[in-house]
Amino acid sequence: MGASKIRFNDVRYRQGFLEVTNIHPGHINIETWEIHPDLDISEKQFDNKAITDECVVANTEIELSVEQAKSLVASLEAAIANALESGRG
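Remember, predicted model here, so these are calculated numbers, not experimental data.

> Pulling in residues and values, what's your account of the environment of E54?
Mapping E54 onto the fold places it in the loop between strand 3 (27-35) and strand 4 (56-65). Judged by relative accessible area, E54 falls into the exposed class, the value being 67%. Spatially, the C-alpha atom of E54 lies 33 Å from that of A83, the residues being 29 residues apart in sequence. For E54, the side chain forms a polar contact with the side chain of T52, separated by 3.0 Å.

> I'd love a proper account of the sheet that holds strand 3, names of residues and values included.
Here four strands make up an open sheet; going across it, the order is 1-2-3-4 and the pairing antiparallel. Across the chains shown, the open sheet's two edge strands, defined by having one partner strand only, are strand 1 (4-8) and strand 4. On average, each strand axis in the sheet is inclined to that of its neighbour by 15°, with strand direction left out of account.

> Requested: an account of the pattern of salt bridges, with residues and values cited.
A complete count under the given rule lists two salt bridges for this structure. One salt bridge connects K70 with E67, and the closest N-O pair in it is separated by 3.6 Å. Linking K70 with E67, this pair stays in helix 1 (residues 66-88), spanning three residues, or about one helical turn. Here K70 and E67 have matching classes, each one exposed.

Conventions and cut-offs
- Residues numbered from 1 in each chain as written.
- Predicted model: local features only at pLDDT ≥ 70, side-chain atom pairs only at ≥ 80, totals over all residues.
- Heavy atoms only, no water.
- Helix = DSSP H or I, 4+ residues; strand = E, 2+ residues; numbered from the N terminus.
- Buried < 20%, exposed > 50% of the residue type's maximum accessible area, 1.4 Å probe, protein only.
- Polar contact = N/O pair within 3.5 Å; in protein donor to acceptor, adjacent residues only side chain to side chain.
- Pairing = 2+ DSSP bridges.
- Axes fitted to C-alpha atoms, helices over the stretch in contact; angles between N-to-C directions.
- Salt bridge = Lys/Arg side-chain N within 4 Å of Asp/Glu carboxyl O.

Structure below.
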């Protein structure tokens, strides 16, 4: 599996990128980069030179077992259902 990157910038002061990939056998690697809110990342890719180390204000990397990743997916699906339900009201 190649890396899958997701840009998140709906909440400017928590904007950044999330990458999901496989690094260690049998594990799912998730890494996030929080980008300074003054930088507009709406059209930028994390791989380009427009985002320098100085733009990154936080970085986290975790390794999940397959079972932990399944638990994360279940939690995300429950949160999505809750967000959709609360958005209708």
